[in-house]
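One-letter residues, chain by chain:
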Amino acid sequence: AEARSMESLEKQLICPICLEMFTKPVVILPCQHNLCRKCANDVFQASNPLWQSRGSSAVPSGGRFRCPSCRHEVVLDRHGVYGLQRNLLVENIIDIYKQESARPLHAKAEQHLMCEEHEDERINIYCLRCEVPTCSLCKVFGAHKDCEVAPLPAVYQRQKSELSDGIAMLVAGNDRIQAIITQMEEICHTIEENGRRQKQHLGLRFDTLCSILEERKKELLQSIAQEQEAKVQRVRGLIRQYGDHLEASSKLVESAIHAMEEPQMAVYLQVSVDGAPRLLLPCRITDMSKVSMSSRPEPGYENMDHFSINVDYVAEMLRTIEFQTGA
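Residues numbered from 1 in each chain as written. Predicted model: local features only at pLDDT ≥ 70, side-chain atom pairs only at ≥ 80, totals over all residues. Heavy atoms only, no water.

By the naming in an unreviewed UniProt entry, the protein chain goes by Tripartite motif-containing protein 54 and is assigned to Psilopogon haemacephalus. UniProt lists a comment for the protein chain under the heading Function (unreviewed entry), and it reads "May bind and stabilize microtubules during myotubes formation." According to the UniProt record, the Catalytic activity (unreviewed entry) comment for the protein chain reads "S-ubiquitinyl-[E2 ubiquitin-conjugating enzyme]-L-cysteine + [acceptor protein]-L-lysine = [E2 ubiquitin-conjugating enzyme]-L-cysteine + N(6)-ubiquitinyl-[acceptor protein]-L-lysine." (UniProt positions renumbered as here; feature names shortened; annotations may be inferred.)

Written out as structure tokens, the structure reads:
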């Protein structure tokens, strides 16, 4: 029972990287899993190859790696793994375990597998040809007498070391892949941000073009409105001038008709019209009829076609707007 307890305790004190008992000082990750400081530093360095070591004169930057036990992402500051907290409880347990293991009377009972062919023989060697553990009698008299063998502890240590290196390599490779994924996610974010900025910039450029067109439209409309007002004012002035003449002429006609209705010669010759003798009425009629009617707008004066513009080439140019290439 004591041996089983010690074996169970030992399993809890094994580093998932080197598969050995935790080496002081033990560091505790944010996910509550433990690693040897050296193993944690190896994984961190593999995931952050550009990280400056503590001996560098430059101020190191932080980095990140994933816990080999649960894949939780661990973010470290500029101190790297040296900024992680030491797990003093695990260190004390390791010290107690080593002290108990060193006691001869209460040494941990090693559990040995026994050979199936030779029940009293321990399995203590490894057949390199058949790749199976076996006992010494199998090598001397049994199925492995012609095979090459090696001590079981040596093969165990070598294979465990290879497995540990493979685990570290695989963990480092996974972390590198995760770093690449993170970098690509950042690239996607940068692409989206740059696209948003360029869309905004393009919109501002087209808004500027629209503002220029609108301003030019106002200027051209103002030119049309100015000439329109000048022509209308001139024509209306002529209308007033001819209207005044028409009114005076109509009054003169009424006076002449009224004079024609006078039956008495003396009265007809004596009475004045608008302060002038009636005898002068024919002269006034003659003068009124001789007023010049040449003050009129020339033919085509009302035409405004000279304000037409051709925007076909401008429209075609706008349709060919493209993004600049090169620098």
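Picking up after the structure, the text goes on.
Considering the confidence of the model for the protein chain
Mean pLDDT over the protein chain stands at 80; residues scoring 70 or higher make up 82%. Across residues 54-59, where pLDDT falls below 50, the model places 3 contacts with residues more than four positions away in sequence or in other chains. Between residues 105-110, whose pLDDT stays under 50, and residues either more than four places distant or in other chains, the model counts 9 contacts. (pLDDT = per-residue confidence, 0-100. Contact = heavy atoms within 4.5 Å.)

Digging into the pattern of salt bridges
This model, assessed by the stated rule, comprises 10 salt bridges. Among the ionic pairs, Arg64 bridges to Glu73, the shortest N-O distance being 3.3 Å. Glu193 serves as the salt-bridge partner of Arg196, at 2.6 Å between the closest nitrogen and oxygen. Remark: Glu193 and Arg196 occur in helix α5 (residues 152-260); sequence separation between them is 3 residues, near one turn of the helix. What makes Glu193 partly exposed here is its relative accessible area of 31%. (Salt bridge = Lys/Arg side-chain N within 4 Å of Asp/Glu carboxyl O. Helix = DSSP H or I, 4+ residues; strand = E, 2+ residues; numbered from the N terminus. Buried < 20%, exposed > 50% of the residue type's maximum accessible area, 1.4 Å probe, protein only.)

With respect to the packing of helix α2 (residues 37-47) against α5
Axis separation between α2 and α5 bottoms out at 8 Å; the angle between their running directions is 40°. Classified by chirality, the crossing of α5 by α2 is right-handed. Contacts between α2 and α5 involve Val43, Ala46 and Ser47 from the former and Val171, Ala172, Asp175 and Arg176 from the latter. Along the lines of polarity and charge, the residues of the contact of α2 with α5 split into 4 nonpolar, 1 polar and 2 charged. (Axes fitted to C-alpha atoms, helices over the stretch in contact; angles between N-to-C directions. Left-handed = near helix turned anticlockwise from the far one by under 90°. Nonpolar A, V, L, I, M, F, W, Y, C, P; charged D, E, K, R; others polar.)

Here's the deal with the pairing of strand β3 (residues 63-66)
With 4 bridges connecting them, β3 and strand β4 (residues 73-76) associate as antiparallel partners. Paired with Arg64 across the bridge in β4 is Val75. As consecutive antiparallel partners, β3 and β4 are separated by 6 residues, and within that stretch Arg71 has a phi angle of approximately 65°, a positive value. (Pairing = 2+ DSSP bridges.)

Focus: the packing of aromatic side chains
Tallying each qualifying case throughout the model produces 1 aromatic pair. Measuring from centroid to centroid gives 6.1 Å for Phe44 and Phe65, while their planes differ by 70°, and the two rings are edge-to-face. In this pair, Phe44 sits in helix α2 while Phe65 sits in strand β3, placing the two residues 21 residues apart along the sequence. Sitting over the face of the ring of Tyr301, Lys231 holds its NZ or CZ atom 5.0 Å from the ring centroid. Residue placement shows Arg234 over the ring face of Tyr301; its charged tip is 4.8 Å from the ring centre. (Phe/Tyr/Trp six-rings, centres within 6.5 Å; stacked < 30°, edge-to-face > 60°. Lys NZ or Arg CZ within 6 Å of the ring centre and 35° of its normal.)

Looking at the nonpolar core
With 25 residues, the main nonpolar core has Cys15, Leu29, Leu35, Phe65 and Leu76 as its most contacted residues. Among the secondary structure elements, those contributing two or more residues to this core are β2 (34-36), α2, β4 and α3 (88-102). The element best represented in this core is α2, accounting for 4 residues. If sequence neighbours within four positions are ignored, Leu76 has contacts with Phe44, Gly62, Gly63, Phe65, Val81 and Leu84. (Core = buried A, V, L, I, M, F, W, Y, C linked by side-chain atoms within 4.5 Å.)

Quick word on unusual backbone geometry
In this structure, Leu19 is a non-glycine residue whose phi angle is positive, near 60°. Tracing the backbone through its elements, the reader meets Leu19 in the loop between α1 (2-12) and β1 (26-28). Although it is not a glycine, Arg71 sits at a positive phi angle of roughly 65°. Following the sequence through the fold, Arg71 ends up in the loop between β3 and β4. For Arg71, a relative accessible area of 30% corresponds to the partly exposed category.

Brief notes about a nonpolar patch on the surface
A grouping of Leu202, Phe206, Leu209, Ile212, Leu213, Leu318, Ile321 and Phe323 is seen on the molecular surface, where their side chains present a nonpolar patch of about 740 Å² in accessible area. The element best represented in the nonpolar patch is α5, accounting for 5 residues. Topologically, Leu213 is positioned in helix α5. Among the residues examined, Leu213 registers a relative accessible area of 48% and is labelled partly exposed. (Patch = residues over 30% accessible without salt bridge, like charges linked within 9 Å, V, L, I, M, F, W, Y side chains within 5 Å. Areas by Shrake-Rupley, 256 points an atom, 1.4 Å probe, with all protein chains shown as cover.)

Concerning the sheet that holds strand β7 (residues 132-134)
One open sheet accounts for 3 strands, arranged β7-β6-β8; its pairing is antiparallel. The strands lining the two open edges of the sheet, one partner per strand, are β7 and β8 (149-151). If you compare each strand with its neighbour and ignore which way they point, the axes differ by 35° on average. Bridging between strand β6 (residues 125-127) and β7 involves 3 bridges; their strand directions are antiparallel. Bridging across to β7, Cys127 finds its partner in Val132.

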